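Observations on the three-dimensional arrangement
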Amino acid sequence: MAKTRKTKTGKRLAGSVARTPRKSRRVGQPVLENGVSPEPSIAIVIMAAGKGTRLKSAHPKVLHQAGGKPLLAHVIAAATRVVPSKDIYAIIGHEADRVREAVAATGVNFVLQTEQRGTGHALMTAREALSPYDTVIVLSGDAPLITPGTIARLRDFHFSGKAAMTILSAVLPDPTGYGRVLREPRSHKVQAIVEQKSATPNQLKLREINSGFYAFAVKPLLAHLGELRTNNAHHEFYLTDMAAILRQAGKNVVAFETKTPDEILGINTRAELAEVDQRFRMAKCRELMAEGVTIYQPETCVIDCDVAVGPDTIIEPFVQLLGSVRIGTEARISSYSVIQSCEVGDGALVQPGCVLEHSRVGARTSLGPYSHLRPGCDVCEGAHVGNFVEMKKTRLGKGSKANHLTYLGDAEVGEGVNIGAGTITCNYDGVQKYKTIIEDGVFVGSDSILVAPIKIGKGAYVGAASCLTRDVPPDSLALSRAPQVIKEGWAREKRARKK
C-alpha cells in the first residue's frame, strides 16, 4: 500500500545549501577520446499527477500554494539547482493543462499520465523520456521543503554506492503512517520496504521511514519496471515494490538517511498546508532580517518567497508583500498595507492601509494612508499620492501631488502637477477607455471632472468645480461652472411655508 504523508509539528525549516551541482551530460554525448568517461547523465522526475483528495479541493494538489508559490514550483526550483530544466520531467495527470500552464515558464518538460495508477505507473509513462539517461532522481511534487543540497547528497550517495536504487529515508519521532525501511544489520543495504499495515510488531518499532524520494540507475529500472504488480488494496503500481524486485535480481539497493527530515514531509491536509506556508514565510523573514531589513512582529507579516527588500527598510506589523515585490533601501511599509508584484524605490513611504498592485513607486515618494494603485501605475520620484486616492494605468510625474479623494484612470500626469481634492478623470464611456493628458506644472482645482479624451496644456490652471470636455491650451485658465445665483430670503420663506 502506498505510504501516507503527514506533517509533524515543531520541526525547524531546513536551511541546507546545495553544493555546486555536477553538470549533467547531454543526451547522446560520446565518451571522450582520451578514454575518460563523462559524468552520468541525470534526469529528475517530479510526481505531479495526483488529485489531492484529502485536501477536499477541486484544484490540482501541486498547485496549492505555500510561501506564495505553487507546491510544484518549489520542487522545480530546488531541482533546477541540481540539473538543467531541460532534464526535469514533471509527470502530470489531473487537471494537466492547468498544471502545465502554471509552471511552463520554468522550462521543464511534461509527461502526461492519462490514468493515475500509482507512482510505478508514472515511471512507466515516462519510459521513453528516461531511456537516454543513466540516472533518474524521483521527487514528489507535494513536498515543497526539499532542498537542492539534499537532492545533491542523494545523487552523490547513489553514485558512491554504485546502486541500482537508492531510497531517501528519514528517522521520525513518530513514524506512524509511513512504510518502514528494513536494512541489513549495520549496512546501507536495504532488505525491503514494509508498509505499516503489513508490518510486524517488531517492524513497527522501527523509526526509519521511506520518504518516497529515490535515485535509480535507469537501465536496471527500465529492465525490471514491467515486473511491478497491482496486487494491493488500491490496485496500483508502486515504486516501493522496486526495492524487492531489484534486490531479487541481484542489484544493489541502499538507503540514504537525511538529517533534515522536515524536507520530505508532504502535504495532505489544509492544516499541513498552513504549517508549511508559515515555515516558508518565517524563513523569508529571517533571511530579510539577516540582510538588514527591520521587520516588527514578523509572525504577523505575510511575505512571499520571491520578495526582495533592501537594507534599512522598515516593515511594520500586519504587512503583506506578495508575488515579485522589489523594495529599495530605507523605505517604510506601514501596517495593513498590501503590496503585490510592485517595485518600490529607495526612501519611499507607504502609509497604513495602502493597496498596491503590479505598479511602480519611485524613490522618496509618499503614499497613503489608504491609497489604491491598481495595475499599471507609475508614481515617479518625489510624488505624493494621498488618502483615498485611486489610480489605474496612470503615470504621476516627478514631484506631482494627488493628495485627497481622487480617481486618476488612464492618465498621463506630468511633473510638478497639483491635483485637487475630488478630481476625477472620466476615462470610460461604457464601451471604450480614453486617455487624459495633464502636462507639467498644471494646477487642477478641487472637485474637477476631466472627461477624456482630453489634454490640459503645460502650466494651465483648472478652476475648482469645473467639468471639462475640451482640451485646454498651455498657460490658460479653464472654467466650467453655472453662474452663482443668490435669492435673498428664500430660506426664511421656505421655513414659513412648512409651519
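Data block above holds the structure.
Read on for a plain summary of the structure. Since the structure is predicted, the reported quantities are computational estimates derived from the model, not experimental observations. (Residues numbered from 1 in each chain as written. Predicted model: local features only at pLDDT ≥ 70, side-chain atom pairs only at ≥ 80, totals over all residues. Heavy atoms only, no water.)

This next bit is on the overall build of the chain. Summing up its helical and strand segments, the chain has 10 helices and 41 strands in all. In terms of its C-alpha atoms, the chain occupies a principal-axis envelope of roughly 110 × 70 × 45 Å. The buried share of the chain, taken over its 499 residues, is 51%. Taking the intrachain contacts of the chain between residues at least 6 apart in sequence as the baseline, contacts between residues at least 24 apart amount to 44%. Taken as a whole, the chain presents about 23,300 Å² of accessible surface, with 52% of it coming from carbon and sulfur. In the chain, which carries 65 positive and 49 negative side-chain charges, the distance between the mean positions of the two groups comes to 5 Å. (Helix = DSSP H or I, 4+ residues; strand = E, 2+ residues; numbered from the N terminus. Buried < 20%, exposed > 50% of the residue type's maximum accessible area, 1.4 Å probe, protein only. Contact = heavy atoms within 4.5 Å. Areas by Shrake-Rupley, 256 points an atom, 1.4 Å probe, with all protein chains shown as cover. Lys, Arg positive; Asp, Glu negative; His and termini not counted. Charge placed at Lys NZ, Arg CZ, Asp CG, Glu CD.)

With that out of the way, let us pick up the sheet that holds strand β23 (residues 360-361). The 9 strands lie next to each other as β14-β17-β20-β23-β26-β29-β32-β35-β38, forming an open sheet whose pairing is parallel. The open sheet terminates on both sides in strands that have one partner only, identified here as β14 (308-309) and β38 (454-456). By the bridge criterion, 3 bridges tie strand β32 (residues 411-413) to strand β35 (residues 436-438) in an arrangement that is parallel. Bridge pairing in β35 links Glu 412 to Ile 437. (Pairing = 2+ DSSP bridges.)

Core analysis: the largest hydrophobic core is formed by 49 residues, its most contacted members being Ile 303, Ile 315, Leu 321, Leu 356, Leu 373, Met 391 and Ile 456. Counting 41 residues, the second-largest nonpolar core is a separate cluster that includes Ile 76, Ala 78, Ala 215 and Ile 264. (Core = buried A, V, L, I, M, F, W, Y, C linked by side-chain atoms within 4.5 Å.)

This part takes up the pattern of salt bridges. According to the stated counting rule, one finds 21 salt bridges in the structure shown. Across the pair Arg 279 and Glu 275 runs a salt bridge, and its minimum N-O distance is 3.1 Å. Pair noted here: Arg 279 and Glu 275 are both in helix α9 (residues 270-290), with a separation of 4 residues, about one helical turn. Overlapping salt bridges, with partners in common, bring together Asp 262, Glu 275 and Arg 279 in one network. (Salt bridge = Lys/Arg side-chain N within 4 Å of Asp/Glu carboxyl O.)

Under the definition given, this model contains 6 aromatic pairs. When the ring of Phe 157 is compared with that of Phe 256, the centres are 5.0 Å apart and the planes differ by 35°; the resulting orientation is tilted. Of this pair, Phe 157 sits in helix α5 (residues 148-160) while Phe 256 sits in strand β11 (residues 253-257), placing them 99 residues apart in sequence. By the burial criterion, Phe 157 is buried, and Phe 256 matches it. When the centroid spacing of 5.5 Å and the interplanar angle of 15° are considered together, the rings of Tyr 370 and Phe 388 count as stacked. Note that Tyr 370 is positioned in the loop between β24 (366-367) and β25 (372-373) and Phe 388 in the loop between β27 (384-387) and β28 (390-392), a separation of 18 residues in sequence. Note on Tyr 370: relative accessible area 45%, which makes it partly exposed. The cationic tip of Arg 100 hangs over the ring face of Phe 110; the distance from NZ or CZ to the ring centre is 5.6 Å. (Phe/Tyr/Trp six-rings, centres within 6.5 Å; stacked < 30°, edge-to-face > 60°. Lys NZ or Arg CZ within 6 Å of the ring centre and 35° of its normal.)

This paragraph deals with the state of the cysteines. Overall, the coordinates contain 0 disulfides when judged by the stated rule. Here Cys 285 is not cross-linked by a disulfide; its sulfur's nearest cysteine counterpart is in Cys 301, at 5.8 Å. Unpaired in this structure, Cys 342 has its nearest cysteine sulfur neighbour in Cys 377, at a distance of 8.8 Å. Judged by its relative accessible area of 2%, Cys 342 is buried. (Disulfide = S-S within 2.5 Å.)

Moving on, we get to the sheet that holds strand β21 (residues 349-350). Reading across the sheet, the 11 strands line up as β12-β15-β18-β21-β24-β27-β30-β33-β36-β39-β41 and stay open at both edges, with parallel pairing between neighbours. In the strand order of this sheet, the two ends are held by β12 (294-295) and β41 (477-478), each with one partner. For β24 and β27, the ladder comprises 2 bridges, and the chain directions are parallel. Paired with Leu 367 across the bridge in β27 is Val 385.

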